[in-house]
Amino acid sequence: MTLSRYGFIVKAADLELFKHHGRIKSEGFDLAVSGVSTLEEAIMAAQEMLTRRIELIELCGGFTAEEEEAIRAAINDHVPLGRAVTRREDQGRIHWS
């Protein structure tokens, strides 16, 4: 099965779930983006994404492994959930491939 509906949740102290969100959509691609500042908002965003038939959700590197697990439990593993992780040695450097 080819995926075409993605969700991305980004976390920063000054983001608000109901204010900072967007969508990029074409005929074969659909990306919902939500900005949050708390775990509770992230859970709400992930659950709302399920109602839009999102097929995969990614979290930004601002989330901890524990927060990822809490979100995974809240969506009951209905869709794959991943988290971007930056290695300590890569911080501050940009790598293009």
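For the structure itself, look to the data block above.
Here is a short report on the structure shown in this document. (Residues numbered from 1 in each chain as written. Predicted model: local features only at pLDDT ≥ 70, side-chain atom pairs only at ≥ 80, totals over all residues. Heavy atoms only, no water.)

1. Section: helix α2 (residues 65-74)
Next, step 1: Buried within α2 we find Glu 67, Glu 68, Ile 71 and Arg 72. In a view along the axis of α2, the buried residues occupy a sector of 140 degrees, so they form one face of it. Residues Glu 66 and Ala 73 are exposed on α2 and point more than 90 degrees away from its buried face.
Next, step 2: Directly beyond the C-terminal end of α2, a positive phi value near 55 degrees is found at Asn 76. (Buried < 20%, exposed > 50% of the residue type's maximum accessible area, 1.4 Å probe, protein only. Helix = DSSP H or I, 4+ residues; strand = E, 2+ residues; numbered from the N terminus. Arc of directions from axis to C-beta.)

2. Quick word on unusual backbone geometry
Next, step 1: Phi at Asn 76 is positive, roughly 55 degrees, even though this residue is not glycine.
Next, step 2: Counting through the fold element by element, Asn 76 comes out in the loop between α2 and β5 (81-83).
Next, step 3: Here Asp 77, not a glycine, exhibits a phi torsion of approximately 55 degrees, which is positive.
Next, step 4: You can see Asp 77 is positioned in the loop between α2 and β5.
Next, step 5: For Asp 77, a relative accessible area of 51% puts it in the exposed group.

3. Considerations on the nonpolar core
Next, step 1: The biggest cluster of nonpolar side chains holds 18 residues, and the ones touching the most others in it are Ile 9, Val 36, Ile 57, Phe 63 and Ile 71.
Next, step 2: When contributions to this core are tallied by element, the ones reaching two or more residues are β3 (30-36), α1 (39-51) and β4 (56-59). (Core = buried A, V, L, I, M, F, W, Y, C linked by side-chain atoms within 4.5 Å.)

4. Focus on the sheet that holds β4
Next, step 1: Pairing within the open sheet is mixed, and its 5 strands lie in the order β2-β3-β1-β4-β5. The sheet terminates laterally at β2 (21-25) and β5, the two strands that pair on one side only. Taken pair by pair, the neighbouring strands of this sheet meet at an average axis angle of 20 degrees, ignoring direction.
Next, step 2: Across 5 bridges, the pairing between β2 and β3 is antiparallel. The residue of β3 that forms the bridge with Gly 22 is Val 33.
Next, step 3: Against the sheet, α2 touches β1 (5-11), β4 and β5, its axis set at about 165 degrees to β5. (Pairing = 2+ DSSP bridges. Axes fitted to C-alpha atoms, helices over the stretch in contact; angles between N-to-C directions. Contact = heavy atoms within 4.5 Å.)

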